Amino acid sequence: MSGNWKMYKTPAETIAFFEKFRPLVEKSEHCEIVICPPFTNLAAAVGAVQGSNIRIGAQNIGWAKEGAFTGEISGPMLKAVGVTHTIVGHSERRQYFGETDETVLQRTRAALEFGLSPIVCVGERLEEREGGATEAVLARQFQKGIAELSEQQFAKIVIAYEPVWAIGTGKTATPDIAAGAHRTIRAQVRDKFGKDAADAVRILYGGSVSPENVKALMAQPEIDGVLVGGKSLDALSFASIVNF
Ligand code: PGA
């Protein structure tokens, strides 16, 4: 169960969040919990979850170890702060910041190289879904990204299906729509990496997940977890999602 805070919260707000959130999930052993705050809050977040079952992820990762890449943060820098996961290829990165299938792959490889677990996002835009291109888009993103990984690398990733039209819009994919897309992705995994890999990979759903709809989504056997934006900002709301 993962939270993506996007561009919200200061370090002080981060600490206040975890003071409230920690006790609400300390007995939650049915899942892994990962929260991805902005870079400037990572150190505060790692400090605030020490000794708990909560892990901290970044929202992006630079593809190089270090170098002249203004505005980027590298894997070794994230590791040094105590971060264990990172989102890559979020649709907001693709849509507003020029992220491409190629750079998403580079960032995924960097996460793996530097020992972070990547949460690799895929998903179609509204016009692509309405134009019947969902499967083709998921296939392209898979072929140009995840399919380029080795079997060993693949075993370490988590995939997040995030239909762009459902993110921050209040329009959740119905459990059936989400499960259908998850089946498409799992079939691609099976074709490329085999049945065991397809059974083992965790595929999260993301897009307007809330305390109200999480149960129905998680009731789909295809959906292994969720990536939550807006509703992960409030400790009570995200805890009730985690403890659905
Ligand atoms: P949302 O965001 O839950 O606010 O729709 C999900 C995401 O972008 O990961």
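Every chain is numbered on its own, with residues counted from 1 as its sequence reads. Local features in this predicted model are restricted to residues whose pLDDT is 70 or higher, and side-chain atom pairs enter the listing and the counts only when it is 80 or higher, whereas totals over whole chains, interfaces and linings include all residues. With hydrogens and water set aside, each side-chain value is computed from the structure's full complement of heavy atoms.

> Would you explain the sheet that holds strand β6 (residues 158–161) in this entry?
Strand pairing within a sheet occurs via backbone hydrogen bonds; the two strands may be parallel or antiparallel. A pair of strands counts as paired when DSSP detects no fewer than two bridges linking them. Secondary structure follows DSSP: runs of H or I at least 4 residues long count as helices, runs of E at least 2 residues long count as strands, and numbering of each begins at the N terminus. Around the barrel, eight strands lie side by side as β1-β2-β3-β4-β5-β6-β7-β8; this closed barrel has parallel pairing. Averaged over all adjacent pairs, the angle separating strand axes in this sheet is 25°, with direction ignored. One ladder, built from three bridges, connects strand β2 (residues 33–36) with strand β3 (residues 54–58); its direction is parallel. Residue Ile33 lies in a different strand from β3, and its bridge partner there is Ile54. Axis definition: a line fitted to C-alpha atoms, over the contacting stretch in the case of helices. Angles run 0 to 180 degrees between N-to-C directions.

> Is there a simple way to explain the nonpolar core in this structure?
General note: in soluble globular proteins, nonpolar side chains tend to be found buried as a group. Buried residues of nine kinds, namely Ala, Val, Leu, Ile, Met, Phe, Trp, Tyr and Cys, make up a nonpolar core once their side-chain atoms join them within 4.5 Å. Three exposure classes are used, based on accessible area relative to the maximum for each residue type with a 1.4 Å probe and protein chains only: buried under 20%, partly exposed in between, and exposed over 50%. Phe18, Phe21, Ile56, Phe154, Ile159, Val189 and Tyr205 are the most contacted members of the largest nonpolar core, which has 63 residues in total. When checking whether two residues touch, look at their non-hydrogen atoms; a contact exists if any pair is within 4.5 Å. Residues contacting Ile159, with those up to four places away along its chain left out, are Val120, Val122, Ile146, Phe154, Ile185, Val189, Val201, Arg202, Ile203 and Leu204. By size, the runner-up hydrophobic cluster in this structure holds nine residues, among which are Val34, Cys36, Val158 and Ala160.

> Can you walk me through the site of the ligand in this structure?
Here, proximity means that at least one heavy atom of the residue falls within 4 Å of the molecule or strand. Taken together, 13 residues sit near the ligand, with Lys6, His90, Glu162, Gly168 and Ser208 positioned nearest. Between the ligand and the protein, one listed contact pairs an oxygen atom with a backbone N or O atom of Gly230 at 2.9 Å. Across the complex, the protein chains shield 95% of the 280 Å² of accessible surface that the ligand would expose by itself. For this classification, Asp, Glu, Lys and Arg are treated as charged, while Ala, Val, Leu, Ile, Met, Phe, Trp, Tyr, Cys and Pro are nonpolar and the rest, including Gly, are polar. The residue inventory of the shell around the ligand, partitioned by class, reads four nonpolar, seven polar and two charged. N or O atoms within 3.5 Å of each other form a polar contact, as long as, within protein, one can give a hydrogen and the other can take it, and as long as residues adjacent in sequence are counted only when both atoms are side-chain atoms. Here the Shrake-Rupley method, with its probe set to 1.4 Å, supplies the accessible areas, and only the displayed protein chains count as covering residues.

> I keep staring at the packing of helix α1 (residues 11–25) against helix α12 (residues 235–242) and nothing clicks. Help me out?
Angle between the axes and distance between the axes: these two values describe a pair of packed helices. Contact geometry of α1 with α12 gives a least axis separation of 9 Å together with a crossing angle of 25°. On the basis of their axis angle, the class for α1 and α12 is roughly parallel. By crossing handedness, the relation of α1 to α12 is classed as right-handed. Touching Phe17, Lys20, Phe21, Leu24 and Val25 of α1 are Ala235, Leu236, Phe238, Ala239 and Val242, all from α12. Grouping the amino acids of the contact of α1 with α12 by side-chain chemistry returns nine nonpolar, no polar and one charged. Throughout this description, any angle smaller than 35 degrees is read as roughly parallel, any larger than 145 degrees as roughly antiparallel, any in the 65 to 115 degree range as roughly perpendicular, and the remainder as oblique. Rotating anticlockwise by less than a right angle from the far helix to the near helix defines a left-handed crossing, while the corresponding clockwise rotation defines a right-handed one.

> Please explain the side chain of Thr14 as it appears in this structure.
You can see Thr14 is positioned in helix α1. Residue Thr14 is classed as buried on the basis of its relative accessible area of 0%. Here Asn41 takes part through its side chain, which lies 3.0 Å from a polar atom of the side chain of Thr14. Those residues in contact with Thr14, other than ones at most four positions away along the chain, are Trp5, Lys9, Asn41 and Ala45.

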